[in-house]
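Structure assessment
As a plain string of letters, each chain reads:
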Amino acid sequence: MKTKMNALVIMAFCAACGAPKQEQAAEETTATEVVAETVKEEDKVVEAYIKVKDALVATDLEAAKKEAEALLHVVMADESLKGLADATMAVTQGADIDAQRAAFQNLTAEFISYAKTSSPGVKLYVQYCPMAFDNTGANWVSTSSEIRNPYFGDKMLKCGRVNEEI
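Here is a short report on the structure shown in this document. (Residues numbered from 1 in each chain as written. Predicted model: local features only at pLDDT ≥ 70, side-chain atom pairs only at ≥ 80, totals over all residues. Heavy atoms only, no water.)

**Brief notes about unusual backbone geometry**
Filter applied, for reference: Each helix is a run of H or I in the DSSP string that is no shorter than four residues. Each strand is a run of E no shorter than two, and both are numbered from the N terminus.
Residues other than glycine seldom take positive phi values, yet Thr59 does so here, at roughly 55°. With respect to the secondary-structure elements, Thr59 resides in the loop between α3 (41-57) and α4 (61-75). Of note in the backbone geometry, Phe133 takes a positive phi value of approximately 55° without being a glycine. With respect to the element layout, Phe133 can be found in helix α7 (residues 132-135).

**Observations concerning the packing of aromatic side chains**
So the rule is basically this: Within 6.5 Å between ring centres, the rings of Phe, Tyr and Trp (the latter by its six-membered ring) count as paired, and their orientation is classed by plane angle as stacked under 30 degrees, edge-to-face over 60, tilted in between. When accessible area is computed with a 1.4 Å probe and restricted to protein chains, residues below 20% of their type maximum are described as buried, those above 50% as exposed, and intermediate ones as partly exposed.
Here the structure, examined in full by the defined rule, presents 6 aromatic pairs. Their ring planes at 40° and their centres at 6.1 Å tell us that Phe111 and Tyr114 sit as a pair that is tilted. Here Tyr114 and Phe111 lie together in helix α6 (residues 97-118), a separation of 3 residues that amounts to about one turn. Across the pair, Tyr114 and Phe111 agree in class, each one buried. When the ring of Phe133 is compared with that of Tyr151, the centres are 5.3 Å apart and the planes differ by 70°; the resulting orientation is edge-to-face. A residue pair is termed long-range when its members are at least 10 positions apart, and Phe133 in helix α7 and Tyr151 in the loop between β2 (138-142) and β3 (161-165) qualify at 18 residues. Cluster of aromatic residues (ring-pair linked, three or more members): Tyr49, Phe104, Phe111, Tyr114, Phe133, Trp140 and Tyr151.

Put into structure tokens, the structure is as follows:
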């Protein structure tokens, strides 16, 4: 955050001083690169997982597939995340929303293990719906304590509880 603020201050100073547009453009590129470099890989994985979860909450088969493909792209860059990659691949291959949700249950188990060992830069809430999968129950992870159930979508949007914070 401090790096981002410093970059913004430099850009504002250059603009105020009337720096030539070419130099200003170089400064903006440098500032953007610095900000991009400061995003931890763990945060990219968290962000991509949350997008998959949100697509399932919306009961959107195509969006869930697209977001799972984006998550797969992020996790494939690290060989140590093979379990997470395999579980993500299953979501991308789900023929229907129910198959995607079943695969998401396994993805979530892998993601929880990952989150507990990677120290993401955001508080995560492990949430649980006792009614998922014929009352056997299932977890998911959210960046909000507010319940938005990916296993039932709008049928039972608020079914669940927070079980743990990471």
